[in-house]
Amino acid sequence: MSAVRFSGVSKNYGPVVALAGLDLDVAEGEFLSLLGPSGSGKSTTLGLLAGLIDADGGKIEIAGRDVTALPPEKRDLAMVFQNYALYPHLTVMENIAFPLEARKPKPDAGEIRRKVEVVAQALGIGALLARYPREISGGQQQRVALGRAMVRDPKVFLLDEPLSNLDARLRIRMRRDLKALHAQLGSTIVYVTHDQSEAMTLSSRIAIFNHGRLQQVAPPAEIYDRPANAFVANFVGDREMNFLDGELGVQGGVPRFVCAGGSVALHPSAAVLDAGKLRMGVRAEAIAPGRDKGDLRGTVALAELAGPDLFLTVRLADDTEIVARADPREFAAREGESVSLAFDPARIHLFDAETGIARHHGAA
Ligand SMILES: Nc1ncnc2c1ncn2[C@@H]1O[C@H](COP(=O)(O)OP(=O)(O)O)[C@@H](O)[C@H]1O
Ligand SMILES: [Mg+2]
């Protein structure tokens, strides 16, 4: 039985399609991220699941029970938002205990205390129980908000961009803690984020949205290596994907991608493709710049040293630009220099030029 199931769920705001016919299953114990750009329907999906938004159509089930018409308090969920509001006049202990105090019948004081301590221990804030929110850091406040959700022991946790108000380093630390916490609790989590690297590192599976439509749902490695379409391919990864338009050709029995700037050898398995207009997508890390070994040549327009990586923006003869990555200890080039570009055929993606739908991935 799925922890959560959406069947044909849709939501419109006037002419705006916030969510179009969503079919999605979340497995018990899964950490599922809803990923997409701003306005793609992630919060709508979470709000529908929580019962804060009414669906125009479709069915939502939690642990096998149809909850589509149930109010939020009857759905056995706990939510943590980006703007987690702690009660400033209550201590950490009282903040976490709040949902238990409100429960009917109310558990006795000893039991409440015990539950809060277990949760606080798991979150590493056991020593802060007597403090007030203003006396602890942002990251600690975020843990208190999580604790307040955990103490209810819900069927499913819903988290909407819970880390986005934290600074970059703290966000990465909290990611690690969230992941460890999930492994320890084994609870089902539905997590909204627009940050692809957050989704990549945290999730057991990622559901990617664009314009209210689910684009792909798969484990992070599959999303990265076998994107369902050009939108997904471009949305995941630290940098934008390189795209070149062209078509399939053959040379010496080897399939090649032929574009305005030249041609690139493809993985032999690409030979099965039908002819037609294609869009080639390649990540910077799958293109090695060099002096003379490679299929395409161009001039370095921009050289960016980013820690362990040197990113070269290379302008081809037809003025298209390709970003390639080098290890700066092994290769260096300055702006204006001519370089070659060697493509790794196993990491070339081919999409339909019109629809963007994936036609072939080098690593079959
Ligand atoms: N209450 C609302 N009234 C009108 N339009 C809304 C409302 N809530 C969301 N929308 C629209 O629905 C779309 C999806 O929004 P949302 O689910 O909040 O996106 P995300 O969380 O992915 O940024 C957006 O175009 C947004 O402007
Ligand atoms: Mg949102």
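From a predicted model like this one, the values you see are computed outputs, not experimental measurements.

**Student:** When you look at the sheet that holds strand β6 (residues 77-80) in this model, what are you seeing that I'm missing?
**Tutor:** The strands that make up a sheet pair up through hydrogen bonds in the backbone, lying either parallel or antiparallel. A sheet is described by the order of its strands in space; here six strands give the open sequence β6-β7-β8-β3-β9-β10, paired in mixed fashion. Two strands close off the open sheet at either side, each with one partner strand: β6 and β10 (213-218). Strand-to-strand twist of the sheet, defined as the mean angle between neighbouring strand axes without regard to direction, takes the value 15 degrees. As judged from the five bridges shared by strand β9 (residues 205-210) and β10, these two strands associate in the antiparallel manner.

**Student:** Please explain the pattern of salt bridges as it appears in this structure.
**Tutor:** Opposite charge on two side chains makes pairing possible when the charged atoms of those side chains draw close. A full pass over the atoms with the stated rule returns 17 salt bridges. Note that Lys11 and Asp56 form a salt bridge whose closest N and O atoms lie 3.7 Å from each other. In this pair, Lys11 is assigned in strand β1 (residues 4-13) and Asp56 in the loop between α1 (42-50) and β4 (57-62), connecting sequence segments 45 residues apart. Looking at Asp56, the relative accessible area reads 46%, which means it is partly exposed.

**Student:** I tried to follow the domain arrangement of the chain on my own but got confused; where do I start?
**Tutor:** Think of interface size as the accessible area that goes away when the parts come together; that is how it is often given. Here the chain is described as being made up of domain 1 (4-227) and domain 2 (242-361). Computed from C-alpha coordinates alone, the two centres of domain 1 and domain 2 are separated by 40 Å. With both sides pooled, the region where domain 1 packs onto domain 2 buries about 450 Å², and carbon together with sulfur makes up 48% of that total. Broken down residue by residue, the surface that domain 1 buries against domain 2 is led by Tyr224, Arg226 and Pro227, which jointly contribute 88%. If you look at where domain 1 meets domain 2, you find zero salt bridges. For the pair domain 1 and domain 2, the number of links is three residue pairs in polar contact (both at pLDDT 80 or more). Tallied by class, the residues present in the side of domain 1 that touches domain 2 amount to two nonpolar, no polar and two charged.

**Student:** Help me understand the packing of aromatic side chains in this model?
**Tutor:** For any pair of aromatic rings, the description rests on two quantities: the centre-to-centre distance and the angle between the ring planes. On inspection of all chains with the given rule, the structure shows four aromatic pairs. Summarising the aromatic geometry, the rings of Phe31 and Tyr191 are spaced 5.3 Å apart at their centres and angled 45 degrees between planes, so their arrangement reads as tilted. Within this pair, whereas Phe31 is found in strand β3 (residues 31-35), its partner Tyr191 is found in strand β8 (residues 188-193), the two being separated by 160 residues in sequence. The two residues Phe31 and Tyr191 agree in class, both being buried. Ring geometry for Phe231 versus Phe235: centroids 5.6 Å apart, planes at 20 degrees, classification stacked. Of this pair, Phe231 and Phe235 both sit in helix α8 (residues 230-235), four residues apart, which is roughly one turn of the helix.

**Student:** What should I look at first to understand the site of ligand 1 in this one?
**Tutor:** By nearness alone, every residue bordering ligand 1 is listed as Tyr13, Val16, Ala18, Pro37, Ser38, Gly39, Ser40, Gly41, Lys42, Ser43 and Thr44. In the environment of ligand 1, an oxygen atom lies 2.9 Å from a nitrogen or oxygen atom belonging to the side chain of Ser43. Within the contact set of ligand 1, an oxygen atom lies 2.5 Å away from a side-chain nitrogen or oxygen of Thr44. Relative to its unbound accessible surface of 560 Å², ligand 1 loses 58% to contact with the protein. Within the residue set of the shell around ligand 1, elements represented by two or more residues are β2 (16-26) and α1. Per element, the largest residue contribution to the shell around ligand 1 is three residues, and it comes from α1. In terms of residue class, the shell around ligand 1 is built from four nonpolar, six polar and one charged.

**Student:** I'm lost on the nonpolar core in this one. Help?
**Tutor:** Generally speaking, nonpolar side chains in soluble globular proteins are found buried as a group. Counting residues in each nonpolar core, the largest one holds 36 residues, and the members touching the most others are Ile96, Val116 and Tyr191. Every element with two or more residues in this core is listed here: β6, α2 (92-101), α3 (109-122), α4 (138-150), β7 (156-160), α5 (168-185) and β8. Those residues in contact with Ile96 that lie beyond four places of it in its chain are Val116, Val119, Ile125, Leu129, Val144, Gly147, Arg148 and Val151. Within the second largest apolar cluster, 28 residues are counted, among which are Leu244, Val300, Leu341 and Phe343.

The rules we used
- Residues take numbers from 1 onward in each chain, read along the sequence in its written order.
- The order in which chains are written sets their letters, starting at A; the order in which ligands are written sets their numbers, starting at 1.
- Confidence filtering applies because this is a predicted model: local features only for residues at pLDDT of at least 70, side-chain atom pairs given and counted only at 80 or more, and all residues used for totals across whole chains, interfaces and linings.
- Side-chain numbers here rest on the full set of heavy atoms in the structure, without hydrogens or water.
- Strands qualify as paired when DSSP identifies two bridges or more between them.
- Under the scheme used here, helices are H or I runs from DSSP no shorter than 4 residues and strands are E runs no shorter than 2 residues, and both carry numbers assigned from the N terminus.
- What counts as an axis is a line fitted to C-alpha atoms, over the stretch in contact for a helix, and the angles between N-to-C directions run from 0 to 180 degrees.
- Just to be clear on terms, a salt bridge is a Lys or Arg side-chain nitrogen sitting within 4 Å of an Asp or Glu carboxyl oxygen.
- Buried residues are those whose accessible area, probed at 1.4 Å on protein chains only, stays under 20% of the maximum for their type, while exposed residues exceed 50% and partly exposed ones sit between those limits.
- An automatic or database domain assignment provides the domain bounds reported here.
- Two parts placed together each lose some accessible area; with a 1.4 Å probe, that loss summed over both constitutes the buried area.
- Under this definition, polar contacts are N or O atom pairs within 3.5 Å; protein pairs additionally need one hydrogen-donor-capable and one acceptor-capable atom, and for neighbouring residues in sequence, both atoms have to be side-chain atoms.
- In the scheme used here, Gly and all other residues not listed as nonpolar or charged are polar, with Ala, Val, Leu, Ile, Met, Phe, Trp, Tyr, Cys and Pro taken as nonpolar and Asp, Glu, Lys and Arg as charged.
- Stacked, tilted and edge-to-face are the three classes assigned to paired rings of Phe, Tyr and Trp, where Trp is represented by its six-membered ring and a pair needs centres within 6.5 Å; plane angles under 30 degrees give stacked, over 60 edge-to-face, the rest tilted.
- Nearness here has a simple test: a residue counts as near a molecule or strand if at least one of its heavy atoms is within 4 Å of that partner.
- Working definition of accessibility: Shrake-Rupley area with a 1.4 Å probe, residue cover restricted to the visible protein chains.
- Residues enter a nonpolar core if they are buried and are Ala, Val, Leu, Ile, Met, Phe, Trp, Tyr or Cys, with the set joined through side-chain atoms within 4.5 Å.
- In this description, contact between two residues means that some pair of their heavy atoms is separated by no more than 4.5 Å.

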